[in-house]
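The chain contents come next:
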Amino acid sequence: MKNPLLSIIIPTHNRPQLVLRAVKSALEQTMEDLEVIVVDDASQTPPQLPQDSRVRMIRLPQLLGGAAARNIGTQAARSRWVTYLDDDDRILRDMASISLKAISENTSTSSIAVISGLEVVDSRGKVTQKRIPPRLRSQGTHFFLEELETGYSYNTKQTLVVERKVIEQIGGWDETFRSRVHSELFLRLNCACSIIGLPIVTYQLTAHEGVRVSRDVKLRQESFQRLINKHKSLFKVHPKMFAKFLCDHAEKSLEFDQPQAAISSYLYAMQLDLKLTLKQIKLLTIHILRSYRKQVFRQTLNNN
């Protein structure tokens, strides 16, 4: 049997129902020349996957984490191109064909990767946010540390389609990270290849109340500091975007009730770009006040 063109790698842990939805979205692609590799990271109950010749499952005997599961899936892949689908998300039907078409039409002789747009949906399937990536980040740049054009977002990294050999050449996913794994990978990836952004939504990220690594406050702080320490030289080259990165982290820390971490990040950001940091704090304050006013207004209506 000839090797498929694309491998869709899905790491999963204790989400037997959600992962079925992810697998289904992979199998419903308009392009059939693909394989689906589910890496079950020591789930208590292994998922029951569809009977399809394109689906394979690798079951790990002990919990290794998402980065390790992605690496194992990459090593098992038989295709030239790979993409990674989170088990609680889904890809839209044209994701594979749109991404590979863009790759085939590219005339560059250097290595390339493709990312595309995503939409955030709530538990009822309602779209609450749409994100479109920047058009291009040339090889040798530093992805999210480059200044971002208005109206675009760096937070579509889950849509990555890239050559398997490129992932292998940069050392794969860093298994010392449990959170911020995509951010860390992209800093190394952009040094090895150009990243093309497509203004088309191909991925649905599901916002739900279940267990998510991104909500683990301890892991978030540890991985944030680990990311800065590992790529300190890159962050120093981009003080303005480094300050913005710190402000974004501070805002999330406040959201997760970690005021000390937020203050620390804001103080660090002020040393890098005082004007930008004060502007970010002002915008956050306005947002909080508006939200508070709306809440008070609703309570007043309810009381009356």
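A brief report on the enclosed structure follows. (Residues numbered from 1 in each chain as written. Predicted model: local features only at pLDDT ≥ 70, side-chain atom pairs only at ≥ 80, totals over all residues. Heavy atoms only, no water.)

For His238, the location among the structural elements is in the loop between α7 (232-237) and α8 (239-255). His238 sits in the buried class, given a relative accessible area of 13%. Sequence spacing of His238 and Arg188 is 50 residues, and the spatial spacing of their C-alpha atoms is 15 Å. What His238 contacts, discounting residues up to four positions off in sequence, is His142, Leu145 and Glu146. Engagement of the side chain of His238 in a polar contact is seen with the backbone oxygen of Leu145, the distance being 3.2 Å. (Helix = DSSP H or I, 4+ residues; strand = E, 2+ residues; numbered from the N terminus. Buried < 20%, exposed > 50% of the residue type's maximum accessible area, 1.4 Å probe, protein only. Contact = heavy atoms within 4.5 Å. Polar contact = N/O pair within 3.5 Å; in protein donor to acceptor, adjacent residues only side chain to side chain.)

The next thing to look at is the packing of α8 against helix α9 (residues 259-272). Following both chains from N to C, one finds α8 and α9 inclined at 165°, their axes separated by 8 Å at the closest point. Accordingly, the angle class assigned to the pair α8 and α9 is roughly antiparallel. Judged by the sense of rotation from one axis to the other, the crossing of α8 with α9 is left-handed. Along its contact with α8, which presents Pro239, Phe242, Ala243, Leu246, Cys247, His249, Ala250, Glu251, Ser253 and Leu254, the element α9 presents Pro259, Ala261, Ala262, Ser265, Tyr266, Tyr268, Ala269 and Leu272. Of the residues that constitute the contact of α8 with α9, the class distribution is 14 nonpolar, three polar and one charged. (Axes fitted to C-alpha atoms, helices over the stretch in contact; angles between N-to-C directions. Parallel < 35°, antiparallel > 145°, perpendicular 65-115°, else oblique. Left-handed = near helix turned anticlockwise from the far one by under 90°. Nonpolar A, V, L, I, M, F, W, Y, C, P; charged D, E, K, R; others polar.)

So, about α9. The terminal C-alpha atoms of α9 lie 20 Å apart, and with 14 residues this matches the ideal 20 Å at 1.5 Å per residue to within 8%. Buried residues of α9: Ala262, Ser265, Tyr266 and Ala269, and no others. Along the axis of α9, the buried positions cluster into a sector of 100°, meaning they face one direction only. Every exposed residue of α9 that faces more than 90 degrees away from the buried side is listed here: Gln260, Ile263 and Gln271. (Expected span 1.5 Å × (residues − 1). Arc of directions from axis to C-beta.)

Judged by how many residues are buried, strand β2 (residues 34-41) sits mostly within the fold: eight of eight residues are covered. Neither face of β2 is left uncovered, since the one carrying Leu34, Val36, Val38 and Asp40 and the one carrying Glu35, Ile37, Val39 and Asp41 both have all their residues buried. With seven bridges joining them, strand β1 (residues 6-12) and β2 adopt parallel strand pairing. Its bridge partner being in β2, Ser7 is matched across the sheet by Glu35. Taking the sense of rotation as the criterion, the β-α-β connection linking β1, helix α1 (residues 16-27) and β2 turns out right-handed. Relative to strand β3 (residues 55-60), β2 is paired through six bridges, and the arrangement is parallel. By the bridge assignment for β3, Val38 is matched with Met57. (Pairing = 2+ DSSP bridges. Right-handed = clockwise from strand over helix to strand, strands pointing away.)

Just geometry here; none of it tells us what the structure is for.
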